[in-house]
Amino acid sequence: MFPFVGLGDDMSAQAAAIPDINELIRPEHVHGSVYTSEALYQAELEKIWYRTWVYVGHTSEVPNANDYVLKSIGPQPVIMTRDRNDQIHLLLNRCTHRGNQVCVFDKGNSRTFTCPYHGWTFSNTGQLRGYPFPSGYEGTDREELGLGRVARVAEYKGFIFGSFAEQGPSLEEHLGGAREAIDRLVRNSPEGEVEITAGFLKHKARANWKFLLENETDGYHPQFVHASIFSVAQSGIGDLYSSDSTAVARYLGNGHSENDLRPEFRRLDKPLGWFGTSAARMPEYVAAMNAAYGENKAREIMIDGTPHTMIFPNLFIAEIQIFVLQPLAVNETVQHVTALQFKGAPEMNRRLRQQTMGSVGPAGFLLADDSEMYERNQRGIQVRDPEWVFLGRGKNRERRDEDGFMVGDATDEVPSRGMWQHYRTIMEER
Amino acid sequence: MALNRDTDGLLSEVTQFIYREARFQDGHAYDDWEALWTDDGVYWIPANGDHSDPERDMSIVYDNRSRIALRIRQLHTGKRHAQAPRSRLRRVVSNVEVLDEGGDEIRAISNALVFESNLRGDIVWASRNEYLLRRVNGELRMARKTVHLVNNDKALYSMSFLI
Ligand code: FES
Ligand SMILES: [Fe+2]
């Protein structure tokens with residue numbers, strides 16, 4: 001039996017059924033059990049992780065023909081391969097014979113995967129190429145014994161997403177308002193491309209994945225959770241999330257949201273100010289950007305900087321790094337995090353890595369404290385009274401922007417409210 | 001080749017230094033620990049196995065001397081939530097070997113097992129530690145410390161104490 005927290009006295013009767021999602025999500029409140037219910041977690045796997053578009057990896061992680069890298073969609077391990085025709089595949093890491101793991105190396109280059117158990121060999125496109133002692137398989141159709149695969153694979157500007165659903169909205173439809181965040185990110189490279197080449201830190205938290213997701217665009221917490229590092233590092237980040245900040249929190253639809261810091265950066269009007277540096281200190285990068293975009297456009301890009309955008313359910317573009325959320329259990333989540341690297345900008349890339357390493361991962365100046373909050377939140381939410389989380393901050397001042405997106409002030413809970421309404425919609429789908 | 005007696009003397013000096021470092025870490029004696037570093041110290045905790053390059057790949061920690069100081073200042077604020085309350089720590093350091101010695105510098109290694117107890121629960125960390133020690137005004141100092149966690153290729157919970 002899985003414990004149901006706060007759902008009333010008759011726990012055992014309710015434990016078996018998927019809770020009625022309509023009763024758990026209200027306009028400004030969410031029931032605590034959405035973070036603790038095992039039944040709900042299993043339903044999320046089916047309706048979100050194994051159905052909708054989920055971020056898997058980046059083309060630069062498999063730069064050459066026959067490269068592969070082990071990735072995941074939620075708890076499911078996925079092999080991302082690039083075949084000799086430059087096609088990207090998302091294969092399931094399970095032998096079609098008796099279920100052994102086919103690949104146990106994090107990455108490599110190979111045209112085939114041979115299962116160590118009985119030697120079945122699969123190509124990096126998923127087809128079964130052969131099995132030892134084939135006379136025992138007379139009459140067997142090899143075509144039907146290819147590796148399982150993620151039904152749909154799509155790329156947007158180097159970012160590879162997968163969906164286990166054969167049909168459904170296209171990736172571009174799913175990204176919707178968040179597509180522009182990827183556009184805004186990649187143009188910070190003079191070549192219009194980012195790369196993921198530094199490997200990932202894998203940071204585990206004993207907390208439900210939605211606590212992490214909501215925190216990514218929670219503009220209310222930085223001044224408190226990160227007070228220690230802001231006070232000793234002379235960081236300007238805290239001011240971006242103060243009650244005087246002109247930055248906005250925006251809900252982008254389909255579960256996506258962002259903290260749009262551009263109003264503050266534009267007020268500052270300092271190229272590379274978003275990155276805590278200046279044009280004078282990055283002359284080669286500035287020259288490359290001017291050459292690529294022209295001085296006016298380059299200046300605009302270097303003032304606006306990169307996005308702070310959470311793409312539902314698992315890709316967080318956090319200015320200088322990306323986080324990929326991976327739920328492993330209802331109360332266990334891994335954040336895979338790495339520095340973004342701007343193609344054609346070596347001068348920026350070391351700083352991007354150094355800043356990222358300082359901030360994130362198990363010992364990070366920022367993320368160790370965020371993770372501490374996720375875990376305390378997971379423990380706190382199990383207390384039985386009150387049963388509800390209150391997400392009403394900024395309800396009184398939320399408004400539509402010129403694109404029709406709901407926005408609030410920098411510290412408002414517009415992103416969470418939007419995400420939960422989207423969550424309810426997809427969880428109610430049959 | 002140094003005489004045996006001298007080698008033993010050096011080994012014991014290095015061992016005492018490493019024990020002292022462990023005591024400062026377990027006791028959250030941040031300033032005492034920071035004082036063990038040279039002015040150009042580098043504190044490195046690699047991720048993803050034994051062959052990563054901190055100038056190319058992500059590391060769990062890759063602090064130069066000023067970032068070590070920043071880490072200590074953050075801990076001193078009392079608002080480093082991951083260390084408030086502080087982890088309770090006790091470590092065992094063993095297998096100390098002096099690998100080589102030349103000029104003012106000594107390369108040494110040790111193994112460490114750290115038991116950490118915090119709000120989440122109890123956890124054991126295991127590592128091989130590599131030291132580059134330097135004699136500064138007659139005293140040993142750390143010019144480089146590398147902590148190779150045995151499980152650095154796996155997903156790890158937060159590790160916000162000094163290891
Ligand atoms: S399980 Fe893979 S070959 Fe038998
Ligand atoms: Fe944070």
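Residues numbered from 1 in each chain as written. Chains lettered and ligands numbered in written order. Predicted model: local features only at pLDDT ≥ 70, side-chain atom pairs only at ≥ 80, totals over all residues. Heavy atoms only, no water.

**A look at the overall build of chain A**
Test applied: Counting from the N terminus, the helices are DSSP H or I runs at least four residues long and the strands are E runs at least two residues long. Only C-alpha atoms enter the radius of gyration; for comparison, a globular chain is expected to reach 2.2 Å times N to the power 0.38, where N is the number of residues. Categorising residues by exposure relies on relative accessible area from a 1.4 Å probe, with only protein chains included: less than 20% of the type maximum marks a residue as buried, more than 50% marks it as exposed, and the intermediate range marks it as partly exposed. Working rule for contacts: check all heavy atoms of both residues, and any pair within 4.5 Å makes them a contact. When charges are counted, Lys and Arg contribute as positive and Asp and Glu as negative, whereas His and the chain ends are disregarded. Charge coordinates come from a single atom per side chain, which is NZ of Lys, CZ of Arg, CG of Asp or CD of Glu.
Helices and strands together make up the secondary structure of chain A, namely 15 helices and 23 strands. Against the globule reference of 22 Å for 430 residues, chain A gives a C-alpha radius of gyration of 23 Å, in line with a compact fold. Seen through its C-alpha atoms, chain A measures out along the principal axes to roughly 75 × 65 × 40 Å. Counting every position in chain A, which comprises 430 residues, the buried fraction comes to 59%. In chain A, the proportion of contacts linking residues at least 24 apart, taken out of those at least 6 apart, comes to 61%. Looking at chain A, you have 45 positive and 57 negative side-chain charges, and the mean spots of the two groups are 3 Å apart.

**Looking at the pairing of strand β4 (residues 76-82) of chain A**
Residues and elements named next belong to chain A. The cut-off we apply is this: For two strands to be treated as a pair, DSSP must find at least two bridges joining them.
Where burial is concerned, most of β4 is hidden: 5 out of the 7 residues are buried. In this sheet, β4 lies alongside strand β3 (residues 67-73) in antiparallel orientation, the contact comprising 6 bridges. Bridge pairing in β4 places V69 opposite M80. Between the antiparallel neighbours β3 and β4 lie 2 residues, among them G74 with a positive phi of about 55°. With 5 bridges connecting them, β4 and strand β5 (residues 88-92) associate as antiparallel partners. Its bridge partner lying in β5, I79 is registered against L91. Here β4 hands over to β5 after 5 residues, with D86 in that stretch at a positive phi of 70°.

**Some points on the coordination of the iron ion (ligand 2)**
Residue and element names in this part refer to chain A. Inclusion rule: A 2.8 Å cut-off from the metal defines N, O and S donors, relaxed to 3.2 Å for Na, K and Ca; water is not in the atom list, so some sites may appear incomplete. Only two sets of limits are used to name each site, 85 to 135 degrees for every angle of a tetrahedral four-donor site, and over 155 degrees for opposite donors with all other angles from 65 to 115 for a square planar four-donor or octahedral six-donor site, with any other site named irregular.
Looking at the iron ion (ligand 2), the protein donor atoms are H221 (NE2), H226 (NE2), D370 (OD) and D370 (OD), and they sit 2.1 to 2.6 Å from it. Around the iron ion (ligand 2) sit 4 donor atoms; with metal-centred angles ranging over 54 to 147°, the donor geometry is irregular. Considered as a linear motif, the donors of the iron ion (ligand 2) on their single chain read H-x4-H-x143-D. Overall, H221 belongs to the buried group, its relative accessible area being 13%. Overall, the relative accessible area of 4% leaves H226 in the buried class.

**Re helix α6 (residues 209-216) of chain A**
With 8 of 8 residues buried, α6 of chain A is to be regarded as a mostly interior element. Considered for burial, the residues of α6 of chain A that qualify are W209, K210, F211, L212, L213, E214, N215 and E216 of chain A.

**Looking at the domain arrangement of chain A**
Residues and elements named next belong to chain A. Rules: Note that the domain bounds reflect an automated or database-derived domain assignment. Put simply, buried area is how much 1.4 Å-probe accessible surface two parts lose in total, over both of them, once they are put together. A pairing counts as a salt bridge when a side-chain nitrogen of Lys or Arg comes within 4 Å of a carboxyl oxygen of Asp or Glu. Polar contacts, as used here, are pairs of N or O atoms within 3.5 Å; protein pairs need one atom able to donate a hydrogen and one able to accept it. Residues neighboring in sequence count only if both atoms are side-chain atoms.
Under the domain assignment used here, chain A contains domain 1 (55-156) and domain 2 (179-428). Facing the 9 residues of domain 1 at the interface are 14 residues of domain 2. On the domain 1 side of the interface with domain 2, the three residues burying the most area are Y55, S60 and Y156, jointly 56% of the side's total. The interface formed by domain 1 and domain 2 holds 0 salt bridges in total. Summed over the shared surface of domain 1 and domain 2, the number is 6 residue pairs in polar contact (both at pLDDT 80 or more). For the side of domain 1 that touches domain 2, the elements supplying multiple residues, two or more each, are β2 (54-58) and β3.

**Looking at the interface of chain A and chain B**
Often, the extent of an interface is quoted as the loss of accessible area on bringing the components together. Contacts between the two partners involve 44 residues from chain A, matched on the other side by 33 residues from chain B. A buried area of about 3200 Å², summed over both sides, lies between chain A and chain B, and 51% of it is on carbon and sulfur atoms. Among the residues chain A hides against chain B, the three largest losses belong to M357, A363 and F365 of chain A. Together they make up 20% of the total. At the junction of chain A with chain B, the criterion picks out 3 salt bridges.

**With respect to the pattern of salt bridges**
All names here are of chain A. Enumeration over the complete set of coordinates arrives at 40 salt bridges over all chains. In this structure, E44 and K210 form a salt bridge, with 2.7 Å as the shortest nitrogen-oxygen distance. Of this pair, E44 sits in helix α3 (residues 38-49) while K210 sits in helix α6, placing them 166 residues apart in sequence. Residue E44 shares its accessibility class with K210, and that shared class is buried. With a closest N to O distance of 3.9 Å, K204 and E332 form a salt bridge. Of this pair, K204 sits in strand β13 (residues 201-205) while E332 sits in strand β19 (residues 332-339), placing them 128 residues apart in sequence. One salt-bridge network, in which partners are shared between bridges, spans E180, R184, R250, E258, D260, R262 and D401.

**So, the sheet that holds strand β1 (residues 37-46) of chain B**
Residue and element names in this part refer to chain B. Rules: To obtain an axis, a line is fitted to C-alpha atoms, over the contacting stretch when the element is a helix, and the angle between two such axes runs from 0 to 180 degrees between their N-to-C directions.
The strand order across the open sheet formed by 6 strands is β2-β1-β6-β5-β4-β3, and the pairing between neighbours is mixed. Unpaired on one side and paired on the other, β2 (59-63) and β3 (88-102) mark the two borders of the sheet. When strand polarity is set aside, the average angle formed by the axes of neighbouring strands in this sheet is 20°. By the bridge criterion, 4 bridges tie β1 to strand β6 (residues 139-149) in an arrangement that is parallel. Bridging across to β6, W44 finds its partner in T146. Sheet strands touched by helix α3 (residues 65-76): β1 and β2. Its angle to β1, the strand with the most contacts, is close to 80°.

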